[in-house]
Each structure stands twice: as structure tokens, then as C-alpha cells.
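What the coordinates show
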Amino acid sequence: MSEETPVSVTMQKDGEVAVVIVNNPPVNALSWHVRQGLKDNFEAALADDGVKAIVLRCDGATFIAGADISEFGKPPRGPDFNAVLNMIEAATKPVVAAIHGTALGGGLETALVCHYRVAVPSAKLGVPEVKLGLLPGAGGTQRLPRVVGVEAAATMTSLGDPVPAPRAKEMGLVDELAGEDSLAADAIAFARAKIADGPRPTRERAVFGDVGVIEKLKTANAKRWRGFEAPYANLACVEAATRLPFDEGLAFERQEFMKLMMGSQSAAQRHIFFAERQAAKIDGLPKDTQLRDIKKVGIIGAGTMGGGIMMNFLQKGFPCTIVEMQQEALDRGLGVVRKNYDASAAKGRFKPEQVDQMMGLITPALELDALADCDLIIEAVYENMDVKKDIFGKLDKIAKPGAILASNTSYLDVNEIAASTSRPGDVLGMHFFSPANVMKLLEVVRGDKTAPDVLATAMAIGKKIGKVAVVAGVCHGFIGNRMLAPRQIEAQKLLLEGATPAQVDKVHVDFGMPMGPFQMSDLAGVDIGWHRDPNRIESIRDALCAEGRWGQKKQAGFYDYDDKRNPSESPRVAEIIEEFRQKAGIQKREISDQEIVERTLYPMVNEGALILAEGKAQRASDIDVVWIYGYGWPVYRGGPMFWAGLEGTDKIAAALEKHGFTVAPLLAEKAAAKAGF
Ligand SMILES: NC(=O)c1ccc[n+]([C@@H]2O[C@H](COP(=O)([O-])OP(=O)(O)OC[C@H]3O[C@@H](n4cnc5c(N)ncnc54)[C@H](O)[C@@H]3O)[C@@H](O)[C@H]2O)c1
């Protein structure tokens, strides 16, 4: 061992059993010095004639929880992981992995080269690499089918979900369950009992099970895996294990692993993994900022958003007071909440008594006075500045000192709303996305006067209710909706020039978005934000609204819909587009899919560059998080700003210029340097 090598692996002896112990806090990741320590200590145990069996276990909170992802993309250091694993597997003395906490990824691969596995009942075992666009590349795809069979191996690798130890025992992944508090001793006893049996190298065991399950898995997950490479690569490796000798299977796995590792999808998925964690950090906030205590939550408005927002808090046990103007609206709103919970209970997500419990946390009210004891009040009434200012003015007189006053506004100026109170420091935006009980994104809008502890508390509460919270500055539409705007404008222009709604939408769906701009408009309601004057027809959208084509809810929007909401292209919409085209004197032409990408997606990057330069987003990766969790941007493309780097900022800037856009200075700068954001 060289001098600077941290000692993260040690060995103890218990009679004829050597216990190799990993201690690399916080999660015993497979850092280079752990690999070195495993090699050194196993070599020592194997060379020691007094040792007849070896136990591998970990100190601290968990077994080896996986690779050290901070080493990804860096020059390799220390011994090669596969070489260490092969050495353990080839041990001439039985090796037992003793598992607590989580054995994930490289951790489980390490356990798989051990000849036996014991685990405490609370342990979890899995290969989650697929979630980062990868596969278990140290033999996991080849050894798992030899231990648990093809079906379980295919499921574990392609879905990446960990398996609880008792289930792992049924699957044969764990040989024996240890006592929750006696793992060390139980593993030694187990090892001692296996001395007579000797080693059982996993590679020498036969693959079993029906390879046909792989195709079934593909069919069952076709929608979820659309566009993703990694689930299929994982399955290809498991399939290879069924027909190739072990070493050839390993070589195949290596080749597939390298393809994923070098490819853009895993880079994008790893980017988002870090971006999500980074988003929680608030720039320039004193470290010792004390959070405000939130015990009781108030919601104003029991419409689409208010009810959904409240559900998040009920699920975490917060008592909620919800205020509406009329009893009827209140009843309707609470009815929707109940219906949603009942539907989830029917699917087994909640027990019926849990639903009653959550509903029991609600205090319905018709007066804002009922919010006097709330620590956090979220307003979700109509998107109208006068209405919101009126409410915040009243809240100012009602809310207790120190209460946080938040607006769920989509576009309005949070500073102006704050100014209608005498305590603008307590005011900020908490912009949820629809359906608010489902969508993970929360934009926390920081007003000019928002106090640091108010911002920090809103971010923390967002996390507590299971959201991914991102800080946004005050501007029209904040981060997400502001970037949506240029896309929508361009999509409408493309219709006039000759594209159809179906063509524009298809380009977006093929790109990996859940739906295109017109499908989204039909789903949300074409009439959202419409001026409501059927005689004022200035755009295709106005014409649709004037005819009552308000989207799916009216079975007509940019598409026609049948009773089951299946869309078809609308001849009437084609006529409307044609009328506008003629009025505008535009010649219809063939529009290529590439042009649609350049004119709808590139302008989003441009807007993102403006948002970044104006400081309305703290960092480019926050913008990516917004688009992944709020709008379904494909994770494997890493969000618009990350994607800009893949696509080439120079290419994007040149195309924007060609189409007559003003290129944002920051984008131009990146383009000149051929750099990403
Ligand atoms: N719908 C979305 O997709 C979405 C997404 C994000 C944010 N938002 C924002 O959320 C807010 C609410 O939107 P929504 O879609 O839930 O609207 P909605 O029309 O479904 O609900 C608004 C509710 O507020 C109630 N209300 C109005 N004035 C009130 C008052 N003075 N006191 C108490 N209740 C009052 C109304 O009766 C209605 O039930 C808007 O600011 C909107 O921009 C909406």
C-alpha cells in the first residue's frame, strides 16, 4: 500500500474464519482504495493457511452501496474492479458476503462473486445502473442469471428496482437471513458451516430459466422504455448469458457497457442525477439560515391546482385548511380530492383507512379568517392580478406573524403581489405543475424582497412533500413557462407555413417528449388564457376557441376526438389554418422535420440562455431539471441546456440566425467557444 492510500479495508480473524471489513463512509462506495484494500486483504487471507473461510462485510450504515460515481470519467486508479472480483470468485476457500443496508450495483456484483450470501431482513439488493443509463458492467448481467435465473435477472437489471432481502432469499440471491442485530456473528457461523462444502464459484453455475421472458418484458415496458437504450442493453446481456460461455458473456457485457458509458444517454442521465441534487442548493444563502417551522398549511382555492397541492401535504400528515368562495366550489373541490384518493386506494397505493385519515386532516372554510393559525399559506385562485392582490392584502391582516405567504401563479409578477402586503419578505411563489399531486416539479419563485429563511423553508418543504424544487427569479412564466412561450409561437407559425399539428407533434414525440405542443394544448385546454371574445379572432387559436374547440374536454381542439378521446386529424382545423394562411398571404410549402426541431426546440435553448444570463435561474442544470420534471423532457437527453451541448451550440446559433431569431448573447458566446452550458 502506498503512503497516501486511505485504509478503508481491514481484516480480523475469528478462529479459522477471516473477516474482511470495508469501512468507507458514508456508503462504502467502491472507491479505488476500497478495491486496493479488498485485493490486499483477500490475498492475505488466501495466503494464510490458518484461514479456512472468509466473510466480507461492511461497517457503517450499509454494505457496499455501489460504484463511486465521482470516479466516473476520470483516469482509472487502483486495481481493476473486475480483476478484484475474479480473484474473490476464484478463492480456494468459501467466501460469504454479509449484507446489511443496501447492496447495490457494484456492491451486489461484489456479493455475487462471493460464494454465499447472508443478509439481514431489512437489507435491499439490486442493480440500479439502468437508472443512470448503464448496466452492471462487472459481471452482474452474467452472474445474476446463474444465481436467480433469467426472469429475475432480466427484471432486476432492466428495471433497476432493489429487492428486499426476504424476497431475495426466495429467489436464491440470499442463502440465509441473519438476525437483524447479529449479522457479523451469524455470517461467521454460516462461513464456518460452509468450510466442508468449499467454494462455489458463481461463474461455474448454470444459467436457468426461460429466455422467452425477455421479449415479454420488452412488450410490457414498451411505453416506459421508449427511446431509452439501457434497458435493452441490459436485456441483451442477460440473453447473451443464456447462450455464451461465461467469459464470452463477460466480453459481450463489457462491450455493451462501454457503448452505454461512451454514449450520450448515460451522460445525460448522470447529469440529471447530479443536477437534481444541485438544484436544492440556494446560491448566496448564509449556511446558518434557520428554517421556519411549518406545522399547518392553508390553501386558497379548491380548483384544479388547490386540491392537488393540498394532497401533497395531507400525504405527509400536515393539517390543511382550504378556503373557497362558495360552498358548492368547496364541496366540488373536496369531492375531487376524495375521488383521487379512492382511485389510488383501489390500486392499492393507500389503505381505505389512510384515505379517511388524510381527509380528516382537512378543515374546509369559506372565509380567509380561517387561515389565521397557518404557518404556510398557498394561494391558488384565478390567474388574475387584481384578485391575487386583493387576497394577499387581506391575508396580510389575517396571517400570523412569520407565516409564509405563497402564490401558485403561473406568470404573474410575484413582486407586485408581495407589494400588496406589509411583509413582502414573507412572500414568494410556489409554482406547482398540473396534476399537482403527481408532477414532481416545484418552481420556488424568489421575489426581490423574499427573506432568505422564507426561500430556504419553501425549498425544504418542497423536498419534504416529495417534489424536486428549483429556485426561479421573477419574470413572465418563470423558467418553464417562459421557455414554453417561444415554442408555442413558432409552432403556430409553422402551421401557417405548411406543417400540420400532427406533424409538429410527431417531431416532438419522436424526440422523446410525452406529447407535442398541440396535443398539450388540447389536453390542458385551448381556451386557457383566451381573451373570451368570440368576435375577436386574431390567431388560429382564437378561431378554435370561438368555435368551442377548447380541446379534449370538448372532444374538439387542434384534433377531433372520439368518445374514448382518441385523436384524429381535423378537416375543420385544416380549413381554419388555410383561411389564415390565405389572409396572411403565405405560400404553403413542405416543412421538414429538421426545420421543426430548429424552430421549436432551438428557441427554447435561446430563451434558456436569456434566463440564465438574467440570473432568473441559478444554473443551467436547474433549467434542465425544470424541463425534465415539469414537462417530460426525455431524461436521456438531459434537459434542454445539456442537450444544447450535445447538439452543438454553434449549430443551434447558426440555425437560429438562419431562421431570423436574435441569438441570445450567452448562446452566441457558447457557440463561439463551441461549448455547452
Ligand atoms: N391549471 C394549471 O395547469 C396550472 C398550473 C400551474 C399553476 N396554475 C395556477 O394556479 C392558479 C389556479 O389555477 P387553477 O387551474 O387551479 O384554477 P381553477 O379555476 O381550477 O381554480 C381556482 C379556484 O379558486 C377559487 N377562487 C377564486 N377566487 C377565490 C377567492 N377569493 N377565495 C377563495 N377561492 C377563490 C375558485 O372558486 C376556483 O375554484 C392560477 O394562478 C394558475 O395560473 C395553474
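Reading the values: the criteria
Residues numbered from 1 in each chain as written. Predicted model: local features only at pLDDT ≥ 70, side-chain atom pairs only at ≥ 80, totals over all residues. Heavy atoms only, no water. Phe/Tyr/Trp six-rings, centres within 6.5 Å; stacked < 30°, edge-to-face > 60°. Helix = DSSP H or I, 4+ residues; strand = E, 2+ residues; numbered from the N terminus. Buried < 20%, exposed > 50% of the residue type's maximum accessible area, 1.4 Å probe, protein only. Near = heavy atom within 4 Å. Polar contact = N/O pair within 3.5 Å; in protein donor to acceptor, adjacent residues only side chain to side chain. Nonpolar A, V, L, I, M, F, W, Y, C, P; charged D, E, K, R; others polar. Pairing = 2+ DSSP bridges. Right-handed = clockwise from strand over helix to strand, strands pointing away. Axes fitted to C-alpha atoms, helices over the stretch in contact; angles between N-to-C directions. Parallel < 35°, antiparallel > 145°, perpendicular 65-115°, else oblique. Left-handed = near helix turned anticlockwise from the far one by under 90°. Contact = heavy atoms within 4.5 Å. Domains from an automatic or database assignment.

Glancing now at the packing of aromatic side chains. The way to describe two aromatic rings as a pair is by their centre distance and the angle between their planes. Tallying each qualifying case throughout the model produces 16 aromatic pairs. Ring geometry for Phe433 and Tyr631: centres 5.5 Å apart, planes at 75 degrees, overall edge-to-face. A residue pair is termed long-range when its members are at least 10 positions apart, and Phe433 in the loop between β15 (427–432) and β16 (441–446) and Tyr631 in helix α25 (residues 620–631) qualify at 198 residues. There is no split in this pair, since Phe433 and Tyr631 are both buried. Through a chain of ring-to-ring contacts, three or more aromatic side chains come together here, namely Phe433, Phe511, Tyr602, Trp627, Tyr631, Trp633 and Trp643.

With that settled, the discussion passes to the site of the ligand. Contacts to the ligand come from 20 residues, most closely from Met305, Glu324, Glu383, Lys388 and Ser410. A distance of 2.8 Å separates an oxygen atom of the ligand from a polar atom in the backbone of Met305. At 2.6 Å from an oxygen atom of the ligand is found a side-chain nitrogen or oxygen belonging to Glu383. Split by residue class, the shell around the ligand holds nine nonpolar, eight polar and three charged.

Attention shifts here to the sheet that holds strand β5 (residues 102–104). With mixed pairing, the three strands of this open sheet are ordered in space as β5-β7-β8. Strands with a single pairing partner mark the edges of an open sheet, and in this sheet they are β5 and β8 (163–164). Pairing analysis gives two bridges linking strand β7 (residues 124–126) to β8, with the strands arranged antiparallel. Bridging across to β8, Lys124 finds its partner in Pro164.

With six of its six residues buried, strand β3 (residues 53–58) lies for the most part within the structure. Going residue by residue along β3, you find Ala53, Val55 and Arg57 tucked away on one face and Ile54, Leu56 and Cys58 tucked away on the opposite face as well. Relative to β3, strand β2 (residues 17–22) runs parallel, the two sharing six bridges. Its bridge partner lying in β3, Val19 is registered against Val55. Each parallel crossover has a hand, and the one from β2 via helix α1 (residues 32–47) to β3 is right-handed.

The subject of this paragraph is the packing of α1 against helix α2 (residues 81–89). The interhelical angle for the contact between α1 and α2, taken along N-to-C directions, is 25 degrees, at an axis separation of 10 Å. Relative to α2, the element α1 lies roughly parallel. Crossing of α1 against α2: the hand is left-handed. Together, Arg35, Leu38, Lys39, Phe42 and Glu43 of α1 and Phe81, Val84, Met87 and Ile88 of α2 make up the contact between the two elements. Of the residues that constitute the contact of α1 with α2, the class distribution is six nonpolar, no polar and three charged.

With that out of the way, let us pick up unusual backbone geometry. Most peptide bonds take the trans configuration, and most residues that are not glycine carry a negative phi. In this structure, Pro26 follows Pro25 across a cis peptide bond, with omega equal to 0 degrees. Structurally, Pro26 is set in the loop between β2 and α1. Here Ser434 and Pro435 are connected by a cis peptide whose omega angle stands at -10 degrees. Summarising the element assignment, Pro435 is placed in the loop between β15 and β16.

Okay, the packing of helix α3 (residues 106–113) against helix α4 (residues 140–147) next. It is at 10 Å that the axes of α3 and α4 come closest, and there the two elements cross at 55 degrees. On the basis of the axis angle, α3 is oblique to α4. Here the hand of the crossing between α3 and α4 comes out left-handed. In this structure, α3 contributes Glu109, Leu112 and Val113 to the contact, and α4 contributes Gly140, Arg143, Leu144 and Val147.

It is worth spelling out the domain arrangement of the chain at this point. Interface size is commonly expressed as the accessible area that is lost once the parts come together. Under the domain assignment, the chain is made up of domain 1 (9–262), domain 2 (297–475) and domain 3 (499–588). Spacing between the C-alpha centres of domain 1 and domain 2 amounts to 45 Å.

Let us now look at the pairing of β2. With six of its six residues buried, β2 lies for the most part within the structure. Neither face of β2 is open: one carries Val17, Val19 and Ile21, the other Ala18, Val20 and Val22, and all of them are buried. Pairing of strand β1 (residues 9–14) with β2, which is carried by six bridges, proceeds in the antiparallel orientation. Counterpart to Thr10 in the pairing with β2 is Ile21.

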